[in-house]
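# Report on the structure
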Amino acid sequence: MVGYKFMGKAHSHAYKDVGMFFDLEAPVVMKAICGRDEQGVKEAADKFGWESYETDWKKLVARDDIDFIDINAPSDAHKEIALAAIAAGKHVFCEKPLALNLADAREMLDAAEKAGVKHAICFNYRFLPAVQLAKQIIESGKLGEIHHYRATYLQDWLVDPEAPLAWRLKKEVAGSGTHGDLNAHSIDLARFLIGEFDRVVGHSRTFVKQRPIPSSTSGLSGKGTSEMGEVTVDDATGFLADFKNGAMGMFIATRFAAGRKNHNTFEIHGSKGTLRWDLERLNELEVYFREDEPELAGFRTILATDPSHKYAGNWWPTGHIIGYEHGFVHIVYEFLQHMATGSPFAPTFLDGVRCQEVLEAVDLSIERGAWVGIEEV
């Protein structure tokens, strides 16, 4: 695994727990973790349960005792590491966004397909039981024709103008701000649940242009110095969308929503009812069906912890909720099975490319001040 901080911890937890709760065709052996800071990565290896560590990802990729590479380093490193791993015949599991731009994402997909290696992108929210239930309801036809898809992804960790200039605020490292970081998840959930995008139109803002250069960072927080640096990404991006099935979409992502810590939601309106989900209450799915008897009509909340709900039966008794980390366990389980048996799997690099197409179409629409078709990028 390349990377050992926020996502490194989440992914490591998944590899450690997956074999305890799921029956695997092949066991997980956590061979090596990689990071540039030797002291930091050594401590992570010891704490997270890795057998060894490297400080040079090229050495990691070249090791013949490793079958696949997990990439959760900053976004600017994804392409180079993935291409090297693919060339070495390794399967690849990559954090989102797949790459800094669409051209690079397409190159990564093409390389993986030509090499015949297995590939995955970590859109982990697909794999929560309540989201899987939403998918099941939509596919059953119980929601009818889909009219609207509304998504929000709201955080507030940058409301303070003194928050330091983390790597996520530098375009050359992150590719984009809230758009590629947060809207990427919303776009993937929309594609997963209701289908492909047709055209988009967007707008964005950067509210704080300069921030303190960090002296240290941890997750989404850190300490700044007196020296200032330029913010080169968006603080907030919203867009409207038309889907190929005729549905309308509304999306907003921001890190300036005071009081919202990780407010990732979708609400889907169909001709027969509505579904609503919120990551901050991730075990719950709100549903409304027009066919209910009038005296019983209204929104009800389903607690998706029953064994009948996908993945839930592998954890605890009904009503014993799961958390954020479990989506990583589920996607890791599915990808491990895919590598071992060839079982169907998504999201792959193809889904990363499709997401990047929408992201860049929104950027192009902002530049033009007009609607842009997805096929134009």
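So, here is what we can say about the structure in this document. Computed from a prediction, not measured in an experiment: that's the story for all the values here. (Residues numbered from 1 in each chain as written. Predicted model: local features only at pLDDT ≥ 70, side-chain atom pairs only at ≥ 80, totals over all residues. Heavy atoms only, no water.)

## A look at helix 8 (residues 178-194)
- Under the 1.5 Å per step criterion, the end-to-end length of helix 8 is 23 Å for 17 residues, consistent within 8% with the ideal 24 Å.
- Along helix 8, the sharpest change in direction is near 35° and occurs at Ala184.
- Of all the 17 residues making up helix 8, 17 are buried; the element is thus mostly covered by neighbouring parts of the structure.
- Looking one or two residues past helix 8, Gly195 carries a phi angle of roughly 125°, positive in sign. (Helix = DSSP H or I, 4+ residues; strand = E, 2+ residues; numbered from the N terminus. Expected span 1.5 Å × (residues − 1). Bend = angle between axes of the 7 residues up to and from the residue. Buried < 20%, exposed > 50% of the residue type's maximum accessible area, 1.4 Å probe, protein only.)

## Points about the packing of aromatic side chains
- As enumerated under the stated definition, the model contains 25 aromatic pairs in all.
- Connected via pairs of aromatic rings, a cluster forms that spans Phe21, Phe22, Phe127, Tyr311, Trp315, Trp316 and Tyr333.
- The side chain of Lys135 reaches across the aromatic face of Phe192, ending 4.9 Å from its centre.
- Taking the ring centre of Trp371 as reference, the NZ or CZ of Arg199 above it sits at 4.0 Å. (Phe/Tyr/Trp six-rings, centres within 6.5 Å; stacked < 30°, edge-to-face > 60°. Lys NZ or Arg CZ within 6 Å of the ring centre and 35° of its normal.)

## Digging into the pattern of salt bridges
- Enumeration over the complete set of coordinates arrives at 27 salt bridges.
- Note that Asp188 and Arg126 form a salt bridge whose closest N and O atoms lie 2.8 Å from each other. Of this pair, Asp188 sits in helix 8 while Arg126 sits in the loop between strand 5 (119-121) and helix 6 (129-140), placing them 62 residues apart in sequence.
- Judged by relative accessible area, Asp188 falls into the buried class, the value being 2%.
- A relative accessible area of 5% means that Arg126 is categorised as buried.
- Asp181 is paired through a salt bridge with Arg168; the nearest N and O atoms lie 3.4 Å apart. One end of the pair, Asp181, is in helix 8; the other, Arg168, is in the loop between strand 6 (146-154) and helix 7 (171-174), with 13 residues separating them in the sequence. Across the pair, exposure class does not vary: Asp181 and Arg168 are buried alike. (Salt bridge = Lys/Arg side-chain N within 4 Å of Asp/Glu carboxyl O.)

## Notes on the sheet that holds strand 3 (residues 68-71)
- Pairing is parallel across the open sheet formed by three strands, whose spatial order is 3-4-5. The sheet is open, and its two borders are formed by strand 3 and strand 5, each paired with just one other strand. Each adjacent strand pair in this sheet contributes to an overall mean axis angle of 10°, direction not counted.
- Across the face of the sheet, helix 10 (residues 349-368) comes into contact with strand 4 (91-94) and strand 5 while running at roughly 40° to strand 5. (Pairing = 2+ DSSP bridges. Axes fitted to C-alpha atoms, helices over the stretch in contact; angles between N-to-C directions. Contact = heavy atoms within 4.5 Å.)

## Here we look at the packing of helix 5 (residues 102-115) against helix 10
- Packing of helix 5 against helix 10 leaves a shortest axis separation of 9 Å and a crossing angle of 165°. Considering their axes alone, helix 5 and helix 10 lie roughly antiparallel with respect to each other. Seen from above, helix 5 lies across helix 10 with left-handed handedness. Contacts between helix 5 and helix 10 involve Leu102, Ala105, Arg106, Met108, Leu109 and Ala112 from the first element and Phe349, Leu350, Val353, Gln356, Glu357 and Glu360 from the second.
- Split by residue class, the contact of helix 5 with helix 10 holds eight nonpolar, one polar and three charged. (Parallel < 35°, antiparallel > 145°, perpendicular 65-115°, else oblique. Left-handed = near helix turned anticlockwise from the far one by under 90°. Nonpolar A, V, L, I, M, F, W, Y, C, P; charged D, E, K, R; others polar.)

## Quick word on the nonpolar core
- In terms of nonpolar packing, the biggest core is built from 107 residues, with Tyr149, Leu193, Phe197 and Trp277 touching the most fellow members.
- Those residues in contact with Leu193 that sit more than four places away from it in its chain are Val131, Ala134, Lys135, Ile138, Tyr149, Phe266 and Ile268.
- Listed in part, the seven residues of the second largest apolar core include Trp157, Leu158, Ala163 and Leu169. (Core = buried A, V, L, I, M, F, W, Y, C linked by side-chain atoms within 4.5 Å.)

## A few points about the pairing of strand 11 (residues 248-254)
- Sheet topology places strand 6 next to strand 11; seven bridges connect them, and they run parallel. Each residue of the ladder has a partner; that of Leu154, found in strand 11, is Thr254.
- Direction of pairing for strand 10 (residues 236-243) relative to strand 11: antiparallel, over a ladder of seven bridges. Paired with Leu240 across the two strands is Met250, which belongs to strand 11.

## Let's talk about the environment of Glu376
- Turning to its location among the elements, Glu376 is positioned in the segment after strand 16 (372-373).
- Considering only alpha carbons, one finds Glu376 and Leu303, 73 residues apart in sequence, at a separation of 41 Å.
- Within the local environment of Glu376, its side chain forms a polar contact with the side chain of Arg368, the two groups lying 2.7 Å apart.
- There is a polar contact of 2.8 Å between the side chain of Glu376 and the backbone nitrogen of Gly373. (Polar contact = N/O pair within 3.5 Å; in protein donor to acceptor, adjacent residues only side chain to side chain.)

## Here we look at the sheet that holds strand 10
- The sheet built from nine strands is open, its strands ordered 15-14-13-12-6-11-10-7-16 with mixed pairing. Looking at which strands have only one partner, the edges of the open sheet turn out to be strand 15 (300-303) and strand 16.
- Sheet topology places strand 7 (residues 197-205) next to strand 10; eight bridges connect them, and they run antiparallel. Following the sheet pairing, Val201 is matched in strand 10 by Leu240.

## Some thoughts on the state of the cysteines
- Applying the stated criterion to the full structure yields zero disulfides.
- Cys122 forms no disulfide, and the closest cysteine sulfur to it belongs to Cys94, at a distance of 9.3 Å.
- The cysteine Cys355 is free of any disulfide, with Cys94 supplying the nearest cysteine sulfur at 12 Å. (Disulfide = S-S within 2.5 Å.)

## Description of unusual backbone geometry
- The residue after Lys96, namely Pro97, is reached through a cis peptide bond having omega -10°.
- By the element assignment, Pro97 lies in the loop between strand 4 and helix 5.
- The amide bond that connects Ala346 to the next residue, Pro347, takes the cis arrangement and shows omega of 15°.
- Within the secondary structure, Pro347 sits in the loop between helix 9 (324-341) and helix 10.
- Despite not being glycine, Tyr311 has its phi angle at roughly 75°, a positive value.
- Position of Tyr311 among the secondary structure elements: in the loop between strand 15 and helix 9.

Coordinates in, geometry out; function isn't part of it.
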